[in-house]
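Fold and contact review
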Amino acid sequence: MKLGAFSASLAVKDIKASKAFYETLGFSVFAGQLENNYLIMKNGNALIGLFQGMFENNILTFNPGWDENAKTLDNFDDVRTIQKHLKANNIKLETEADESTSGPASFVVLDPDGNAILVDQHV
């Protein structure tokens with residue numbers, strides 16, 4: 001199964017302090033808007049999303065159809081295909097993508113320890 005680009009989406013208390021911290025670790029701003037309290041930061045192939053006031057806990061995020069540079073992949077598994085696979089294997093979904101649609105969609109699943117995994121397709 002091809003899940004696409006991976007990032008950790010971090011719920012931060014102070015986005016400016018978090019930005020400065022991750023810049024010290026060698027990350028640079030890749031996308032997002034500081035004034036809207038979210039940034040995507042990149043260091044090589046590593047991606048971290050910083051989100052202030054948008055959600056309570058950290059989230060593991062996969063982007064089917066994208067590589068780590070947000071470039072569209074020629075070959076990828078659609079979010080609805082991934083969702084059907086999980087459902088067929090009795091994995092409970094917290095939110096679901098509308099399987100009657102195509103293009104951008106997302107779903108959320110919790111791992112056995114309660115960690116949220118967002119599968120978020122933008123293409």
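See the structure above.
Below you will find a few notes about this structure. Everything numeric in this text was worked out from a predicted model, so none of it was measured.

Section: the sheet that holds strand 7 (residues 105-110)
- The mixed open sheet is built from eight strands, whose spatial order is 2-3-4-1-5-8-7-6. Among the strands making up the open sheet, the edge pair consists of strand 2 (28-33) and strand 6 (93-95). Across this sheet, the average inter-strand angle for adjacent strands is 25°, counted without regard to direction.
- Relative to strand 5 (residues 59-63), strand 1 (residues 5-12) runs antiparallel, the two being bridged by five bridges. The residue of strand 5 that forms the bridge with Ala 8 is Leu 60.
- Strands in contact with helix 2 (residues 79-88) are strand 6, strand 7 and strand 8 (116-121); relative to strand 7, the strand with the most contacts, it is inclined by about 30°.

Some thoughts on helix 2
- Of all the positions in helix 2, only Val 79, Arg 80, Ile 82, Gln 83 and Leu 86 are classed as buried. In an axial view of helix 2, the angular spread of the buried residues amounts to 155°, which keeps them on one side of the axis.
- Elements in contact with the buried residues of helix 2: strand 6, strand 7 and strand 8.
- Looking one or two residues past helix 2, Asn 90 carries a phi angle of roughly 60°, positive in sign.

Calculation rules
- Residues numbered from 1 in each chain as written.
- Predicted model: local features only at pLDDT ≥ 70, side-chain atom pairs only at ≥ 80, totals over all residues.
- Heavy atoms only, no water.
- Pairing = 2+ DSSP bridges.
- Helix = DSSP H or I, 4+ residues; strand = E, 2+ residues; numbered from the N terminus.
- Axes fitted to C-alpha atoms, helices over the stretch in contact; angles between N-to-C directions.
- Contact = heavy atoms within 4.5 Å.
- Buried < 20%, exposed > 50% of the residue type's maximum accessible area, 1.4 Å probe, protein only.
- Arc of directions from axis to C-beta.

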